[in-house]
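Understanding the architecture of this molecule
Next come the chains, spelled out residue by residue.
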Amino acid sequence: MYSNSNYPPGVTGRELEIAGPDWEGEMDVKCAGENVEVTVFRPDDIETLKRIAAVKGAQGAGKQRDADVIQMSLRRMLSRMVTVTLPVCPFEGEVEAWMYQHVTHWECPVCGTSHDEDDRE
């Protein structure tokens, strides 16, 4: 049998690795991950983030003193982050997704759970 293909036997060219996904884009989702570990800032550190943003956006920002304060604040915040286990992931929002052969694939940006949703079900 003559084949007009440059692919090795058993390879059609329609495989995901060769042809790519059928669709790529953004979609609104709700994560259903269970018993997920999430690393969070302490509530008082959220206020620190707001102050850092204000310093960065203020006139004259970029001075060495401002940079030192920001660096010190960020180090403190990172050392105080806490990992908690939640019964259900709280994420609901927009993610980058792709579809191949009727299955949509996306990953939760909060808990890291990979989702494969078959649209034929």
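The structure this text deals with has already been given above.
For clarity, every value in this text was computed on a predicted model and none was experimentally measured.

Focus: the overall build of the protein
- Counting secondary structure elements, the protein contains three helices and six strands.
- For the protein, the N- to C-terminal ordering of α and β elements is α-β-β-α-α-β-β-β-β.
- Here the protein holds 121 residues, and 24% of them are scored as buried.
- For the protein, restricting intrachain contacts to residue pairs at least 6 apart in sequence, the fraction spanning at least 24 positions comes to 65%.
- Summed over its atoms, the accessible surface of the protein is roughly 9200 Å², and 52% of this surface lies on carbon and sulfur atoms.

As for the environment of Thr48
- Its location among the elements puts Thr48 in helix H2 (residues 43-57).
- Taking the relative accessible area as the measure of exposure, Thr48 reaches 3% and is therefore buried.
- It is 8.3 Å that separates the C-alpha atoms of Thr48 and Met77, two residues lying 29 residues apart in sequence.
- The contact partners of Thr48, leaving out residues within four places of it in the chain, are Ser73, Arg76 and Met77.

Re a nonpolar patch on the surface
- A contiguous nonpolar surface patch, about 390 Å² in accessible area, is contributed by Phe41, Ile46, Leu49, Leu74 and Leu78.
- For the nonpolar patch, the secondary-structure elements that each account for two or more residues are H2 and helix H3 (64-79).
- With respect to the helices and strands, the residue Leu74 is situated in helix H3.
- Owing to a relative accessible area of 34%, Leu74 belongs among the partly exposed residues under this scheme.

Describing the pairing of strand E6 (residues 114-118)
- Here strand E5 (residues 103-107) runs beside E6; their pairing, made up of five bridges, is antiparallel. In the sheet register, Thr104 faces E6, and the bridge partner there is Glu117.
- In this structure, the hairpin formed by E5 and E6 is closed by a connection of six residues, where Gly112 is found at a positive phi of approximately 85 degrees.

Remarks on a negative patch on the surface
- Taken together, the side chains of Glu24, Glu26, Asp28, Glu92, Glu94 and Glu96 present a region of like negative charge at the surface.
- Broken down by secondary-structure element, the contributors of at least two residues to the negative patch are strand E1 (23-30) and strand E4 (92-100).
- Here Glu94 is to be found in strand E4.

Quick word on the sheet that holds E1
- Pairing is antiparallel in the open sheet, where four strands are placed in the order E1-E4-E5-E6. The strands lining the two open edges of the sheet, one partner per strand, are E1 and E6. For this sheet, the mean angle separating the axes of adjacent strands, direction not counted, is 35 degrees.

Cut-off values and rules
- Residues numbered from 1 in each chain as written.
- Predicted model: local features only at pLDDT ≥ 70, side-chain atom pairs only at ≥ 80, totals over all residues.
- Heavy atoms only, no water.
- Helix = DSSP H or I, 4+ residues; strand = E, 2+ residues; numbered from the N terminus.
- Buried < 20%, exposed > 50% of the residue type's maximum accessible area, 1.4 Å probe, protein only.
- Contact = heavy atoms within 4.5 Å.
- Areas by Shrake-Rupley, 256 points an atom, 1.4 Å probe, with all protein chains shown as cover.
- Patch = residues over 30% accessible without salt bridge, like charges linked within 9 Å, V, L, I, M, F, W, Y side chains within 5 Å.
- Salt bridge = Lys/Arg side-chain N within 4 Å of Asp/Glu carboxyl O.
- Pairing = 2+ DSSP bridges.
- Lys, Arg positive; Asp, Glu negative; His and termini not counted.
- Charge placed at Lys NZ, Arg CZ, Asp CG, Glu CD.
- Axes fitted to C-alpha atoms, helices over the stretch in contact; angles between N-to-C directions.

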